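Inside the fold
Residue strings, one per chain:
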Amino acid sequence: AEDDKVLAIIGPFSSGPVQVAAPAGDRAGIVTMAMASSAPKLVVPFKYAMRNTSDEAYMFERVMLTLKSKGLPSATGAVAFGNDDTISRTMGEKVLPALMKKVGVDVKLSVDFKIGAFDLSAQVAQLKASPTDLIGVGAPPEAAIKLVQEMRRQGHNGRLIAGSTINDPDLPVRMGKEGDGTVIPSTFFADLNDGTKKFAAEFTRRAKAANLDRTQAGQFDAATYDIVLYYAWAMKEAKVTGDPKRLAEERTAIRQALGRMKDFPALEGAVSFGADNDALKPVYVIEARAGKWTLLDTHAAPK
């Protein structure tokens, strides 16, 4: 931030780094924007910290609204979550059960486990003893894979639902047929339109050329790409010159321009920024089917 050429920063991934970067950005008067870190209201106290994300409660609520509107079985539910990870525990103890109950789901039980646990048979046995239509999962993708595979092994046919914490583009392939029917929210859907298809194809081409393990574009890749577009727009809108003598003035002008941004035609959809410094963006409710994510429903960005 002390570099006289730095006008804005694309910020960190997780909540911890955001809590370090946000006050540093405020002290320097420089916009820092994260592409994830979706704990509720994380950057509200800061003037220059922003997030190109929507909090998990908002996103998961759209999952529940979709299940209800589509008439999918959702009378009963349970929650399974990692107890040794802050985000997973927050999802499992607060976000998932509260929003399931809000739309009338009878949440019958909750089980927890260590994220790195190899064997989840005991937890699944508890779920199997009181089978439910839905299993809300608060965990990273690897734990969700173990959970659903053990559920099917024990004969539990409930549908997995979760927040974007398990939103990996290749998750349906990794879960296999056992994961079919899993429903989650996303702020990016690769097959949405010509623009998203072009981005996904180019991402795959470059990832393969670089010999990366993951070659499919996901929501965090799209969010990072969009941040660059936002900054370019804001710099043009604010008529930024890059003159070192105007550094503080132009950094602030970028922040003010972003605050005025409305329905920007981003890769993820029409995006604006709200009063809490988070992006207001569409939510795509997606379902795992035959090794890929399919679009189940779309919720427009709030105005």
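Just above, that's the structure.
In this report, the structure presented in the accompanying data block is examined. Predicted model only: the values in this text are computed from it and were never measured.

**Observations regarding the pairing of strand β4 (residues 76–82)**
- Within β4, seven of the seven residues are buried, which leaves the element mostly enclosed by the surrounding structure.
- The alternating pattern of β4 places Thr 76, Ala 78, Ala 80 and Gly 82 on one face and Gly 77, Val 79 and Phe 81 on the opposite face, and all of these are buried.
- In this sheet, strand β5 (residues 106–113) lies alongside β4 in parallel orientation, the contact comprising seven bridges. In the strand pairing of β5, Gly 82 is matched with Phe 113.
- In the classification by handedness, the crossover that spans β4, the intervening helix α3 (residues 86–102) and the parallel β5 is right-handed.

**Points about the pattern of salt bridges**
- A full pass over the atoms with the stated rule returns 18 salt bridges.
- Close ionic contact of Glu 61 with Lys 102 constitutes a salt bridge, the shortest N to O distance being 2.8 Å. Of this pair, Glu 61 sits in helix α2 (residues 56–69) while Lys 102 sits in helix α3, and the two are 41 residues apart along the sequence.
- Classification of Glu 61 by relative accessible area gives buried; the value is 17%.
- Residue classification places Lys 102 among the exposed residues on the basis of a relative accessible area of 57%.
- Across the pair Arg 246 and Glu 250 runs a salt bridge, and its minimum N-O distance is 3.5 Å.
- What makes Arg 246 partly exposed here is its relative accessible area of 29%.
- Taken together, the salt bridges that share partners define one network made up of Glu 142, Asp 168, Asp 170 and Arg 174.

**With respect to unusual backbone geometry**
- Phi at Asn 211 is positive, roughly 60 degrees, even though this residue is not glycine.
- Of note, Asn 211 is situated in the loop between α7 (194–209) and α8 (219–237).
- Using a relative accessible area of 66% as the deciding quantity, one classes Asn 211 as exposed.
- Positive phi is not limited to glycine here, since Asn 277 has a value of about 75 degrees.
- As for its position among the elements, Asn 277 is in the loop between β10 (269–273) and β11 (279–280).
- Here Asn 277 falls in the buried class, since its relative accessible area comes to 7%.

**Brief notes about the environment of Val 103**
- Position of Val 103 among the secondary structure elements: in the loop between α3 and β5.
- Sequence-wise, Val 103 and Ala 75 are 28 residues apart; in three dimensions their C-alpha atoms are separated by 9.6 Å.
- Setting aside residues up to four positions removed in sequence, Val 103 forms contacts with Met 64, Leu 65 and Lys 68.

**Here's the deal with the side chain of Gln 219**
- Position of Gln 219 among the secondary structure elements: in helix α8.
- A polar contact is formed between the side chain of Gln 219 and the side chain of Asn 167, at a distance of 3.3 Å.
- There is a polar contact of 2.9 Å between the side chain of Gln 219 and the backbone nitrogen of Thr 187.
- Beyond its immediate stretch of four places on either side in the chain, Gln 219 contacts Met 59, Ser 164, Asn 167, Pro 185, Ser 186, Thr 187, Phe 188 and Glu 268.

**As for helix α4 (residues 121–129)**
- When α4 is considered as a whole, its buried residues turn out to be Gln 123, Val 124 and Leu 127. Along the long axis of α4, the arc covered by the buried residues comes to 95 degrees, so they all point the same way.
- In the core, the buried residues of α4 are packed alongside β4, β5, β6 (134–138) and α5 (141–153).

**A closer look at the side chain of Asp 221**
- You can see Asp 221 is positioned in helix α8.
- Among the residues examined, Asp 221 registers a relative accessible area of 18% and is labelled buried.
- Once residues lying within four places of it in the same chain are set aside, the contact partners of Asp 221 are Phe 199, Phe 203, Arg 214 and Gln 216.

**Focus: α2**
- End to end, α2 covers 20 Å across 14 residues, agreeing with the expected 20 Å (1.5 Å per residue, within 8%).
- All of the buried residues along α2 are Glu 56, Tyr 58, Met 59, Phe 60, Glu 61, Arg 62, Val 63, Met 64, Thr 66 and Leu 67.
- Backbone nitrogen of Ala 57 and a side-chain oxygen of the N-cap are separated by 3.0 Å at the start of α2; the cap is Asp 55.
- Positive phi shows up at Gly 71, right after α2, with a value of about 70 degrees.

**Examining the sheet that holds β11**
- With antiparallel pairing, three strands are arranged side by side in an open sheet as β9-β10-β11. For this open sheet the edge positions go to β9 (264–266) and β11, each flanked by a neighbour on one side alone.
- Where β9 meets β10, three bridges bridge the pair, whose relative direction is antiparallel. Considered in β10, the bridge of Phe 264 is made with Val 271.
- In the packing of α8 onto the sheet, the strands contacted are β9 and β10, and the crossing angle to β9 comes to about 145 degrees.

Calculation notes
Residues numbered from 1 in each chain as written. Predicted model: local features only at pLDDT ≥ 70, side-chain atom pairs only at ≥ 80, totals over all residues. Heavy atoms only, no water. Buried < 20%, exposed > 50% of the residue type's maximum accessible area, 1.4 Å probe, protein only. Helix = DSSP H or I, 4+ residues; strand = E, 2+ residues; numbered from the N terminus. Pairing = 2+ DSSP bridges. Right-handed = clockwise from strand over helix to strand, strands pointing away. Salt bridge = Lys/Arg side-chain N within 4 Å of Asp/Glu carboxyl O. Contact = heavy atoms within 4.5 Å. Polar contact = N/O pair within 3.5 Å; in protein donor to acceptor, adjacent residues only side chain to side chain. Arc of directions from axis to C-beta. Expected span 1.5 Å × (residues − 1). Axes fitted to C-alpha atoms, helices over the stretch in contact; angles between N-to-C directions.

None of this, on its own, says anything about what the molecule does.
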